[in-house]
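Structural description and commentary
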Amino acid sequence: MKYILLAIVSMSLLSGCVVVPTKDYSSINKCKISSDRKTLKIINGFEDTNTYYSITGLILVPVSGVVSGVYVAINNIYHLGEERIVCGE
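Quick caveat, the model's predicted, so the values are computed rather than measured.

1. Notes on the overall build of the protein chain
- Looking only at helices and strands, the protein chain features 2 helices and 2 strands.
- The 89 residues of the protein chain split such that 24% are buried.
- Total accessible area computed for the protein chain in this model is approximately 6,800 Å², and 67% of it derives from carbon and sulfur atoms.

2. Side note on the environment of I85
- Tracing the chain through its elements places I85 in helix α2 (residues 55–87).
- When the C-alpha atoms of I85 and I33 are compared, they prove to be 10.0 Å apart, with 52 residues separating the residues in sequence.

3. Some words on a nonpolar patch on the surface
- Where nonpolar side chains cluster on the molecular surface, the patch consists of V66, V70 and I74 and spans about 280 Å² of accessible area.
- Along the polypeptide, I74 turns up in helix α2.

4. Things to note about the side chain of D24
- Structurally, the position occupied by D24 is in the loop between β1 (17–23) and β2 (38–44).
- One buried charged residue, D24, forms no salt bridge at all, with the nearest opposite charge on R37 at 4.6 Å.
- When sequence neighbours within four positions are dropped, the list of residues in contact with D24 reads R37, K38 and T39.

5. Observations regarding the confidence of the model for the protein chain
- Per-residue confidence for the protein chain gives a mean pLDDT of 75, with 69% of residues at or over 70.
- The least confident element of the protein chain, judged by mean pLDDT, is helix α1 (residues 2–13) at 64; the most confident is β2 at 83.

About the cut-offs
- Residues numbered from 1 in each chain as written.
- Predicted model: local features only at pLDDT ≥ 70, side-chain atom pairs only at ≥ 80, totals over all residues.
- Heavy atoms only, no water.
- Helix = DSSP H or I, 4+ residues; strand = E, 2+ residues; numbered from the N terminus.
- Buried < 20%, exposed > 50% of the residue type's maximum accessible area, 1.4 Å probe, protein only.
- Areas by Shrake-Rupley, 256 points an atom, 1.4 Å probe, with all protein chains shown as cover.
- Patch = residues over 30% accessible without salt bridge, like charges linked within 9 Å, V, L, I, M, F, W, Y side chains within 5 Å.
- Salt bridge = Lys/Arg side-chain N within 4 Å of Asp/Glu carboxyl O.
- Lys, Arg positive; Asp, Glu negative; His and termini not counted.
- Contact = heavy atoms within 4.5 Å.
- pLDDT = per-residue confidence, 0-100.

Shown next as structure tokens:
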């Protein structure tokens, strides 16, 4: 019974919308540096099941938004630091 409940909870958390980091194509690098800027994008993980407005979507969007937001913030701070050091601004 415990495994069935765990399977149901885990499957319900896997469906819905999530926030993922993607490359920011509007940003143009001023000099040749290895990193790129990131931005957040909301995607529907399961478009075929029509789970966009489900309760799990309300749970997944903030949780994945915080995790992805921390990654994007750290990446963009690193990018700005690298741009200042390499480009000499």
